[in-house]
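# Summary of structural features
The chain contents come next:
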Amino acid sequence: FGLFDRVSSVLTSFLAEPDVTSRASYISESGRLFWSHPFLGVGLGGFAATGFDTYPHNLVLELLAELGVLGVLLVVPWVVFAVRGAAGSPILMALVVATGLFTLFSGSLASNVEFWLCSAFAVARFPLALGRAPVRRQALARA
């Protein structure tokens, strides 16, 4: 029973931690901001104007709240190009995926430098990834 009490105590203190409880508030506020201006959002920095925090600690929620559907439609192709461009490099793919997952739990649109840098390298490789496929088909056709 001592172990159960100890685990219960740790779990209770964890759930009472402001960093944990504030996440639900950030999600709720992001949703409210998005539904108030779904197409264009409330503008960059609009989440900070609510008084909660400077950003919701989730890139997707921040994009929805501050840039609306338009912002998401601009970032989705970027992510697709990054994943496709990184497909030929296991290290770059790991960096894009890891930093992309990190953006779901921390950072803001401007502070997720690791994600933007890694994805920019991958997006830069995207034309190379497109160019390789036809060359392989032509080489196979000649053989």
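Residues numbered from 1 in each chain as written. Predicted model: local features only at pLDDT ≥ 70, side-chain atom pairs only at ≥ 80, totals over all residues. Heavy atoms only, no water.

### A look at the pattern of salt bridges
For the structure on display, the rule yields 1 salt bridge. A salt bridge links Glu29 to Arg32; the shortest N-O distance between them is 2.5 Å. Of this pair, Glu29 and Arg32 both sit in helix H2 (residues 18–36), 3 residues apart, which is roughly one turn of the helix. (Salt bridge = Lys/Arg side-chain N within 4 Å of Asp/Glu carboxyl O. Helix = DSSP H or I, 4+ residues; strand = E, 2+ residues; numbered from the N terminus.)

### Here we look at the side chain of Asn58
You can see Asn58 is positioned in the loop between H2 and helix H3 (59–86). Separated by 3.0 Å, the side chain of Asn58 and the backbone oxygen of Leu104 make a polar contact. (Polar contact = N/O pair within 3.5 Å; in protein donor to acceptor, adjacent residues only side chain to side chain.)

### Re the packing of aromatic side chains
Scanning the entire structure with this criterion turns up 5 aromatic pairs. When the centroid spacing of 4.9 Å and the interplanar angle of 65° are considered together, the rings of Phe115 and Trp116 count as edge-to-face. Given the relative accessible area of 7%, Phe115 is considered buried. By relative accessible area, Trp116 is classed as partly exposed at 24%. Three or more aromatic residues link up through ring pairs in this structure, and these residues are Trp78, Phe115 and Trp116. (Phe/Tyr/Trp six-rings, centres within 6.5 Å; stacked < 30°, edge-to-face > 60°. Buried < 20%, exposed > 50% of the residue type's maximum accessible area, 1.4 Å probe, protein only.)

### Re the nonpolar core
Note on soluble globular proteins: their nonpolar side chains tend to be buried together. One finds Ala82, Ala86, Leu92, Val96, Cys118, Ala122 and Val123 forming the largest nonpolar core, which totals 7 residues. Of all elements in the fold, only H3, helix H4 (90–102) and helix H5 (113–142) reach the threshold of two or more residues within this core. If one sorts the elements of this core by residue count, H5 sits on top with 3 residues. Beyond its immediate sequence surroundings of up to four residues, Val123 is in contact with Trp78, Phe81 and Ala82. Judged by nonpolar contacts, the second largest core, of 5 residues, contains Leu59, Leu63, Leu109 and Phe115. (Core = buried A, V, L, I, M, F, W, Y, C linked by side-chain atoms within 4.5 Å. Contact = heavy atoms within 4.5 Å.)

### A word on H3
Each full turn of the α-helix corresponds to 3.6 residues, which orients residues three or four apart in the same direction. Taking 1.5 Å per residue, 28 residues should reach 40 Å; H3 reaches only 20 Å between its end C-alpha atoms and comes up short. Where H3 begins, the side chain of Asn58 points an oxygen toward the backbone nitrogen of Val60, at a separation of 2.9 Å. (Expected span 1.5 Å × (residues − 1).)

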